[in-house]
Amino acid sequence: MKKRKVNIVTGLLITICCFANSLKAQDNKSTNQRLSPKEQCIISISALTAKGDLSKLKAELSVGLEAGLTVNQIKENLVHVYAYAGFPRSIRGLQTFITVLEERRAKGINDIMGAEASPINDERTKYDRGKSILDTLLGTPQSGPQTGYSAFAPIIEIFLKEHLFADIFERDVLSYTERELATISVLASIGGVEPMLKSHLRICLNLGLTAAQLRQFVGVIKASIGKKEAKVVQQVLDEVLKKNTLK
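Cut-offs and rules
Counting from 1, residues in each chain are numbered in the order their sequence is written. Selection of residues for local features in this predicted model requires a pLDDT of at least 70, selection of side-chain atom pairs for listing and counting requires 80 or more, and totals for whole chains, interfaces and linings are taken over all residues. Hydrogens and water are ignored here; the side-chain numbers use all heavy atoms of the structure. Each helix corresponds to a stretch of at least 4 residues labelled H or I by DSSP, and each strand to a stretch of at least 2 residues labelled E; elements are numbered beginning at the N terminus. To estimate the expected span of a helix, subtract one from its residue number and multiply by 1.5 Å. Patches in this entry comprise residues that are over 30% relatively accessible and not in a salt bridge; like charges within 9 Å are linked, as are nonpolar side chains (Val, Leu, Ile, Met, Phe, Trp, Tyr) within 5 Å. We get accessible surface area from the Shrake-Rupley algorithm with a probe of 1.4 Å; when it comes to residues, only the shown protein chains can shield them. The term salt bridge refers to a pairing of a side-chain nitrogen on Lys or Arg with a carboxyl oxygen on Asp or Glu at a separation within 4 Å. Think of it in three bands: residues with accessible area under 20% of the maximum for their type are buried, residues over 50% are exposed, and the middle band is partly exposed, with areas taken using a 1.4 Å probe on protein chains only. In what follows, residue pairs with any heavy atoms lying within 4.5 Å of each other are defined as contacts.

> I'm lost on helix α10 (residues 194-206) in this one. Help?
An α-helical turn contains 3.6 residues, so a residue and the one three or four places further along point in the same direction. In a regular helix each residue adds 1.5 Å, so 13 residues correspond to 18 Å; α10 covers 18 Å between its end C-alpha atoms and thus fits that length. Just beyond α10, the residue with positive phi is Gly208, at close to 110°.

> Got a minute to help me understand helix α5 (residues 87-106) in this structure?
Relative to the 28 Å expected for 20 residues at 1.5 Å per residue, α5 spans 29 Å between its end C-alpha atoms, a close match to the ideal helical length. Gly108 lies just past α5 and shows a positive phi near 85°.

> I keep staring at a nonpolar patch on the surface and nothing clicks. Help me out?
Together, Tyr149, Ile155, Ile156, Ile158 and Phe159 give the surface a local cluster of nonpolar side chains, amounting to about 490 Å² of exposed area. Here the element with the most residues in the nonpolar patch is helix α8 (residues 154-168); it accounts for 4 residues. For Ile158, the location among the structural elements is in helix α8.

> Sorry, what's going on with the environment of Thr70 here?
As for its placement among the helices and strands, Thr70 is situated in the loop between α3 (54-66) and α4 (71-85). A residue is classified by how much of its surface remains accessible, and Thr70, at 15% relative accessible area, is buried. Sequence-wise, Thr70 and Lys38 are 32 residues apart; in three dimensions their C-alpha atoms are separated by 9.9 Å. Ignoring anything within four residues of it in the chain, the contact list for Thr70 reads Leu65, Ile112, Met113 and Gly114.

In short, the description is geometric, and any link to function would need to be established separately.
Quick look at the structure:
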């Protein structure tokens, strides 16, 4: 009888442990399905910079610093925006960030500068390095003759490979995933570039972002710049996810 009671207690303990481990696994899975606070700040900072809403951007820059983004990461984020929204928006964002840092220093807040971009030790041409990075982002090598805008204006294809994907994406202050979150945020903000937004949402999936995280991205866009922009992004995302499911 005593042995039977011991076996029952042991069985209950095993069941409880298994249940606890199951809950922990579910919790970890749930966490992995969420964008981190830093990633959410990158989205908001990029969107507001591209939109030119400097008053809201000023507040979000402070939020980003408090969330753990370094000064250099935010600078890199603001610089990255120029590739998709132009120098004027990017420079105004940087000027706003200077003001934020000065105000925080006046309050005795010393923000962490963070790492600089690592030196590039790659003997390949910038074109080849940029092409390699683009292949990584797309998840497949790009080959064959140029078509569309690349065939119509070959120089822009060279600029994209050498400057956007080599000079900019190669800088490791931000990860590829962080840069793509910044990119889709800018594209969502400026509007009228849905084909590009669709391509970069696919890249986000290739880099490991989940459907749940991209849906959360739409929510951040809605909170940052408005329902209208978020509605368009949601429509494009739905189309991308539908095609991705059918593969």
